[in-house]
Amino acid sequence: MDSDALDAYIRARLALAGVDIDQLPDVADPETGTPTRAVIMVALREFVATTPGALAEWTPPTGGVGGALGAAYAQQEAAPLAYPSITTAWTGEADG
């Protein structure tokens, strides 16, 4: 993906979330520490180029079952153990 297309993608995703980075300053303000648009775009380009792929490849633990069946099993059975509710954590059910 070229730089212009990546910038357009980032701006579109931000707009969908209601974020307008054009409100950020062009020049850094040492008094407030507000980042500039350029700094934010550099950080977002790096994030989009690296993080979504890593997130997309993550799968929850399969509980000893491998392959496609293991992935399907993990989506249904392991999620509550991977993400216990506060109540489950307080009662100790998540530990055993």
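Here, residues in each chain are numbered from 1, in the same order as that chain's written sequence. Confidence filtering applies because this is a predicted model: local features only for residues at pLDDT of at least 70, side-chain atom pairs given and counted only at 80 or more, and all residues used for totals across whole chains, interfaces and linings. Think of the side-chain values as coming from all heavy atoms in the structure, minus any hydrogens and water.

S.K.: Just checking my understanding: could you explain the environment of Arg 11 for this structure?
M.R.: Put simply, DSSP H or I for four residues or longer makes a helix, DSSP E for two residues or longer makes a strand, and each gets a number counted from the N terminus. One can find Arg 11 in helix 1 (residues 3-16). For the pair Arg 11 and Leu 44, spaced 33 residues apart in sequence, the C-alpha separation works out to 9.8 Å. Within the structure, Arg 11 has its side chain in polar contact with the side chain of Asp 22 (distance 3.1 Å). Contacts described as polar in this section are N or O atom pairs within 3.5 Å, which, within protein, must combine one atom able to donate a hydrogen with one able to accept it, while residues neighboring in sequence count only if both atoms come from side chains.

S.K.: How do you make sense of the pattern of salt bridges when you look at a structure like this?
M.R.: When charged atoms on two side chains of opposite charge get close, those side chains can pair. Put simply, a salt bridge is a Lys or Arg side-chain nitrogen that is within 4 Å of an Asp or Glu carboxyl oxygen. Taken as a whole and judged by the stated rule, the model has four salt bridges. Between Asp 7 and Arg 45 there is a salt bridge whose closest N-O contact spans 2.7 Å. Residue Asp 7 is located in helix 1, and its partner Arg 45 is located in helix 2 (residues 37-57); the two are separated by 38 residues in the primary sequence. One salt bridge in this structure joins Arg 37 and Asp 26, with 1.9 Å as the shortest N-O distance. In this pair, Arg 37 is assigned in helix 2 and Asp 26 in the loop between helix 1 and helix 2, connecting sequence segments eleven residues apart. Only protein chains enter the accessibility calculation, which uses a 1.4 Å probe; a residue is then buried when its area is under 20% of its type maximum, exposed when over 50%, and partly exposed in between. You can call Asp 26 exposed: its relative accessible area is 61%. Among the ionic contacts, a cluster of salt bridges with common partners joins Arg 11, Asp 22, Asp 26 and Arg 37.

S.K.: Please explain helix 1 as it appears in this structure.
M.R.: It helps to recall that an α-helix has 3.6 residues per turn; residues three or four apart then point in one direction. Take the number of residues in a helix, subtract one, and multiply by 1.5 Å to get its expected span. With 14 residues, helix 1 extends 20 Å from end C-alpha to end C-alpha; this agrees with the ideal 20 Å at 1.5 Å per step. Within the span of helix 1, buried status applies to Leu 6, Asp 7, Ile 10 and Leu 14. With its buried residues spanning 100 degrees around the axis, helix 1 presents them on a single face. Residues of helix 1 that are exposed and angled more than 90 degrees away from the buried face: Asp 4, Ala 15 and Leu 16. Where helix 1 terminates, the next one or two residues include Gly 18, which has phi positive at roughly 85 degrees. Arc, as used here, means the arc of the directions from the helix axis to the C-beta atoms.

As far as function goes, none of this settles anything; it's purely spatial.
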